[in-house]
Structures are given as structure tokens and as C-alpha cells.
Amino acid sequence: MQTKFLLPSSAKIWGWIIAIPAFVLMILYLQFGFTFSFLDYAKNNVQKISFDNGLLFNIQYNNFTDEIGSILLIIGLLLIAFSKEKDEDERISQLRLESLLWATLMNCLLIVLSIIFFYNELFLKIMAYNICSTLILFIIRFNLTIYFERKKYKDIK
Amino acid sequence: MKNTIRIERAILNITQAELADKIKVSRQTINAIESNKYVPSTILALKIAKVFKKNVEEIFQLEKGD
């Protein structure tokens, strides 16, 4: 069965190569405020302004570590999540769909819980993690399902 | 839906893996179909029937509640 929107299985390794460093970078950025100083941008030497009117075309000051990190992370996670398995077939497509449904539901549940329990800056930080939490939940769930399927098959054999 | 793939395989004397290779699906899929955990698509059902040289209805039968 042909599945649309899936990348060749060789894309997966590239996904891991991009996603792991980007993930570490984003954790460092969000938890410890780590930035690369060469990605600093300041228009006419303005000092750091916490929230200027934030369109790309009129920002005064920004450090682009988080922009680059999060874009790389999303690209990496997409490559991992939506590349074909080596033995892709219709049942694996079904498992993929089920995992995606599960991940979306779990993510919504987590968002609702964070809306109730977390406020102000902590909530903003959680929303930053939320950018790629669906993909991460999906990758974990899908790979675990496939792993247990293959293991079960080996046990029977 | 129930099926007689396990019996048909025994008649032809082929393993799950060999059947999987013939119809180009993963081995786990054949295993899941045999243990009634997965209902194959029509295309896959027709391919399986072709391997066993039988009609689809002889291999796959509806059950109560389907």
C-alpha cells in the first residue's frame, strides 16, 4: 500500500543526527539560559529589551540561538517521525496512525493539566516545550509499539 | 473476522516469514493477521488468497458481530 507524505527510511538516521544536538541545545537554552554569543543581534547597539515589538522586520535585539535550535529540532523530529520503516506495510501504517492519535490526545491532556496547574513564566516555559512535545510523544509511542511487535515475533519464532 | 491462514500455510508447508516475503509485508503483520489482531486490507487479502490459490472467502470468513 502506498502511503503519502512519508520519507525514505534513510531519512531517520539524519533525523537523529539533527535532533539530538538540537534537543540538548534547547534544554540548555530553556533551563540555563545558554546562548551562542555570535548569534547576538542588536540594531544600532541597543541594549537588551525584554519584549520589543516582535516582528522579524523591526526587532531591536535578539539572540537567535533558540530560533535556530527549535527549527533544527522540529526538522530533526519530523525526519525521525515520518520516515518509512524498513519493512513498511499497511499494518505499520495503521500502528503509526494509532500512535499519532494517542500522542495528540496525550498532548492535549498535558496542555489542559498545565493550564490548570502552571501559571505565568512557568506556563510560558511549558508552552515552549509544547512546540515539539506531540512529535516526541509520537516517536516514543510508535517506536515502543514496533519494538514490542518485533520482540513478540522473535519470541514465537 | 477469522481466517485459515495457519492451516493453509501448513498445507503448503511455508513459514510466516516465507509468506510475508511472498506478499511483501513484514513478518509481524502475518503473525498479527493469524492471531486475529489485524484485519488485512482487500489488496492484502487477495494477495494471500493468490499465494494459496484459493478464493478469498475460503480463507477469510466473517464472524458474529462483524
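Residues numbered from 1 in each chain as written. Chains lettered and ligands numbered in written order. Predicted model: local features only at pLDDT ≥ 70, side-chain atom pairs only at ≥ 80, totals over all residues.

Q: Provide a residue-level description of the overall build of chain A, including the pertinent values.
A: For chain A, the helix and strand inventory stands at 4 helices and 2 strands. From first element to last, N terminus to C terminus, chain A shows the α and β order α-β-β-α-α-α. Over its C-alpha trace chain A gives a radius of gyration of 19 Å, far above what one expects of a compact globule, namely 15 Å for 157 residues. For chain A, the spread of C-alpha atoms along the three principal axes comes to 65 × 35 × 25 Å. For chain A, with 157 residues in total, the buried portion stands at 17%. Nonlocal contacts in chain A, meaning residues at least 24 apart in sequence, comprise 80% of its contacts between residues at least 6 apart. (Helix = DSSP H or I, 4+ residues; strand = E, 2+ residues; numbered from the N terminus. Rg over C-alpha atoms; globule rule 2.2 N^0.38 Å. Buried ≥ 20, exposed ≤ 12 C-beta atoms within 10 Å, placed from the backbone. Contact = placed C-beta atoms within 7 Å.)

Q: Tell me about the interface of chain B and chain A, residues and numbers included.
A: Many descriptions give the size of an interface as the accessible area lost when the pieces come together. Contacts between the two partners involve 11 residues from chain B, matched on the other side by 10 residues from chain A. Sorting the residues of the side of chain B that touches chain A by element identifies helix H3 (27–34) and helix H4 (42–52) of chain B as the ones contributing at least two each.

Q: Can you lay out H3(B) for me, pointing to particular residues and giving the numbers?
A: Residues and elements named next belong to chain B. Of all the 8 residues making up H3, 7 are buried; the element is thus mostly covered by neighbouring parts of the structure. Those residues of H3 lying buried are Arg 27, Gln 28, Thr 29, Ile 30, Asn 31, Ala 32 and Ile 33. Phi turns positive, to about 60 degrees, at Asn 36, one or two residues after H3.

Q: Outline the confidence of the model for chain A, supporting the account with residue identities and numerical values.
A: Mean pLDDT over chain A stands at 90; residues scoring 70 or higher make up 91%. Here strand S1 (residues 40–42) of chain A stands out as the element of chain A with the lowest mean pLDDT, 81, in contrast to helix H3 (residues 90–117) of chain A, whose mean of 96 is the highest. (pLDDT = per-residue confidence, 0-100.)

Q: Quick rundown of the nonpolar core? Include the residues and the values.
A: Counting 16 residues, the largest nonpolar core has A:Leu73 and A:Leu77 as the members making the most contacts within it. Contributing elements (two or more residues each) for this core: helix H1 (11–32), helix H2 (65–81), H3 and helix H4 (120–156) of chain A. Taken together, domain 1 (1–84) and domain 2 (85–157) of chain A each give at least three residues to this core, which thus spans both. Counting residues in each nonpolar core, the second largest holds 9 residues, with B:Ile5, B:Ala20, B:Val25 and B:Ala32 among its members. (Core = buried A, V, L, I, M, F, W, Y, C linked by C-beta atoms within 7 Å. Domains from an automatic or database assignment.)

Q: Tell me about the domain arrangement of chain A, and name the residues and values.
A: Residue and element names in this part refer to chain A. Taken as a whole, chain A is organised into domain 1 (1–84) and domain 2 (85–157). Inter-centroid distance (C-alpha atoms) of domain 1 to domain 2 is 21 Å. On the domain 2 side, the residues contacting the 12 residues of domain 1 number 13 residues. Top contributing element to the side of domain 1 that touches domain 2 by residue count: H2, with 7 residues. Residue composition of the side of domain 1 that touches domain 2, by class: 8 nonpolar, 3 polar and 1 charged. (Nonpolar A, V, L, I, M, F, W, Y, C, P; charged D, E, K, R; others polar.)

Q: Would you mind going over unusual backbone geometry in detail, with residue names and values included?
A: All names here are of chain B. One non-glycine residue, Asn 13, lies in the positive phi region at around 60 degrees. Mapping Asn 13 onto the fold places it in the loop between helix H1 (5–12) and helix H2 (16–23). Residue Asn 13 is classed as exposed on the basis of its C-beta count, with 7 C-beta atoms lying within 10 Å. For Lys 53, which is not glycine, the phi dihedral falls at a positive 55 degrees. With respect to the helices, strands and loops of the structure, Lys 53 is situated in the loop between H4 and helix H5 (56–59).

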